[in-house]
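Understanding the architecture of this molecule
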Amino acid sequence: MKVAALSPALFQALTGGRRPGAPGSRIECHDRVVSTQDLLKEQLRQRPFPPDGTLVLAREQTAGRGRMGRTWLSPRDQGLWFSLLLPPAVRVSQAMRWVNGMLAATALCRVLRSYYGLEACLKFPNDVLVKRRKLAGFLLETCGRPGRLVLGAGINLFQERRELNRALGPWCTSVALEYRRPFSPYRFLDRYLRDLESLQQECQDDAGAIVRRAREYLYLSPEQATLRAGNRQLKGWIKDISPEHGILFQSLTGEQRFVPWGSVVTVTYESPEPPFSL
């Protein structure tokens, strides 16, 4: 899709009316960066520190990345490539901090369904799918002492099927491909930030509340998964998530049991994943 160049001034105008510390209460726009995630983390190593709610956005990333060090392709003016310093309201215990990525993905599912009529789903822990194709992903990292939460996001907006197939393959999609009507990237981001703030306020520091809301959008992938829980590595399939009990996991032998949230370190999928996976 041929789109106009994204305007930093219009993105920065979204800060108007936001309370201090809310997502996007400060927006910093760049033309081209290596990685918004690295840029925001570097700011956290210097004084004065950026305030909570700071969002660093770029029209293009040359080396965007996702979970497990994977590359996220971020072509110019084709998506929302940003990193966000999460405010204190969603800082849960160290063992549970990764659920904030799930919170961010859940907020995007809500926006895609409510405003764009797309049946968006959450592929655990933090991918957003439409028609089983990946539209967005999130990366959560900590930086500094005490650990500040930096949320990286890649949301495909305007790519067409030919572009995606050539660069990534048939397993991904964009808002333009699914919505098939003109839409504003500025209004899209504004809606997302407002819904994320609303969801944060609903959940506060309650990790169980985050899991309950995420479960409403959960897509149970048929792909074999590997869970690293403590010093154990489990192979099998994710069958459900429970706020109280953790991840319901089915082993290769068919046995099902809950893996407690606090023990889960990483989740990866065994089938080949595209290079853009967050």
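Thresholds, definitions, all that
- Residues numbered from 1 in each chain as written.
- Predicted model: local features only at pLDDT ≥ 70, side-chain atom pairs only at ≥ 80, totals over all residues.
- Heavy atoms only, no water.
- Helix = DSSP H or I, 4+ residues; strand = E, 2+ residues; numbered from the N terminus.
- Buried < 20%, exposed > 50% of the residue type's maximum accessible area, 1.4 Å probe, protein only.
- Contact = heavy atoms within 4.5 Å.
- Areas by Shrake-Rupley, 256 points an atom, 1.4 Å probe, with all protein chains shown as cover.
- Pairing = 2+ DSSP bridges.
- Axes fitted to C-alpha atoms, helices over the stretch in contact; angles between N-to-C directions.
- Parallel < 35°, antiparallel > 145°, perpendicular 65-115°, else oblique.
- Left-handed = near helix turned anticlockwise from the far one by under 90°.
- Nonpolar A, V, L, I, M, F, W, Y, C, P; charged D, E, K, R; others polar.
- Phe/Tyr/Trp six-rings, centres within 6.5 Å; stacked < 30°, edge-to-face > 60°.
- Salt bridge = Lys/Arg side-chain N within 4 Å of Asp/Glu carboxyl O.
- Arc of directions from axis to C-beta.
- Polar contact = N/O pair within 3.5 Å; in protein donor to acceptor, adjacent residues only side chain to side chain.
- pLDDT = per-residue confidence, 0-100.

**What about the overall build of the chain?**
Regarding its fold elements, the chain presents seven helices and 13 strands. Relative to its 278 residues, the chain shows a buried fraction of 58%. Taking the contacts inside the chain whose residues are at least 6 apart along the sequence as the reference set, 64% of them involve residues at least 24 apart. When the accessible area of the chain is evaluated, it comes to approximately 12200 Å², of which 50% is carbon and sulfur surface.

**Description of the pairing of strand S5 (residues 127-130)**
Here S5 shows a buried face lined by Asp127 and Leu129 and a second buried face lined by Val128 and Val130. In this structure, strand S4 (residues 120-123) lies alongside S5, joined through four bridges in antiparallel fashion. The partner of Leu122 across the bridge, within S5, is Val128. Connecting the antiparallel pair S4 and S5 is a turn made up of three residues.

**Points about the packing of helix H3 (residues 99-116) against helix H6 (residues 185-203)**
When two helices pack together, their arrangement is given by the angle between their axes and by how far apart the axes lie. Across the interface, H3 lies against H6 with an axial gap of 9 Å and an inter-helix angle of 125°. With respect to H6, the element H3 is oriented oblique. At the point where H3 passes H6, the crossing takes the right-handed sense. Within the contact between the two elements, H3 uses Leu103, Ala104, Thr106, Ala107, Leu108, Arg110, Val111, Leu112, Tyr115 and Tyr116 and H6 uses Phe188, Arg191, Tyr192, Asp195, Leu196, Ser198, Leu199, Gln200, Glu202 and Cys203. Per-class residue counts for the contact of H3 with H6 are 13 nonpolar, three polar and four charged.

**Let's talk about the packing of aromatic side chains**
Summed over all chains, the structure comprises 10 aromatic pairs. Aromatic side chains Tyr116 and Phe188 sit 5.2 Å apart centroid to centroid with 40° between the ring planes, which places their arrangement in the tilted category. Taken together, the positions of Tyr116 in helix H3 and Phe188 in helix H6 put the pair 72 residues apart, joining distant regions of the chain. For the pair formed by Tyr116 and Phe188, the shared burial category is buried. Within the aromatic cluster, the residues linked to one another by ring pairs are Tyr116, Phe158, Tyr179, Phe183 and Phe188.

**As for the pattern of salt bridges**
Enumeration according to the criterion identifies 21 salt bridges in this entry. Two residues, Arg32 and Glu60, come together in a salt bridge whose shortest N-O distance is 3.5 Å. In this pair, Arg32 is assigned in strand S1 (residues 26-33) and Glu60 in strand S2 (residues 54-61), connecting sequence segments 28 residues apart. Glu60 sits in the buried class, given a relative accessible area of 17%. Where Glu178 meets Lys131, a salt bridge forms, and the shortest distance between an N and an O atom there is 3.4 Å. Of the two residues, Glu178 is situated in helix H5 (residues 175-179) and Lys131 in the loop between S5 and strand S6 (133-143); the sequence distance between them amounts to 47 residues.

**Observations concerning helix H2 (residues 36-43)**
Listing the buried residues of H2 in full gives Thr36, Gln37, Leu40, Lys41 and Gln43. Projected down its long axis, H2 shows its buried positions confined to an angular sector of 155°, all on one face. Looking at the packing, one finds that the buried side of H2 touches S1, S2, strand S3 (79-85), S6 and strand S7 (148-156). One side-chain oxygen at the N-terminal end of H2 lies 3.2 Å from the backbone nitrogen of Gln37; it belongs to Ser35.

**Remarks on the confidence of the model for the chain**
For the chain, per-residue confidence averages 86 on the pLDDT scale, and residues scoring 70 or more make up 87% of the total. Of the regions scoring below 50 in pLDDT, residues 272-278 engages in 34 contacts with residues more than four places distant in sequence or in other chains.

**Quick notes on the sheet that holds strand S13 (residues 264-269)**
Pairing within the open sheet is antiparallel, and its five strands lie in the order S12-S11-S10-S9-S13. Edge positions in the sheet fall to strand S12 (256-259) and S13, since each has one partner strand and no second. The mean angle between the axes of side-by-side strands here comes to 45°, regardless of whether they run parallel or antiparallel. Across four bridges, the pairing between strand S11 (residues 246-251) and S12 is antiparallel. Residue Phe249 lies in a different strand from S12, and its bridge partner there is Arg257.

**Overview of the environment of Gln250**
Mapped onto the elements, Gln250 comes out in strand S11. Look at Gln250 and you get buried, because its relative accessible area is 19%. Separated by 2.9 Å, the side chains of Gln250 and Gln256 make a polar contact.

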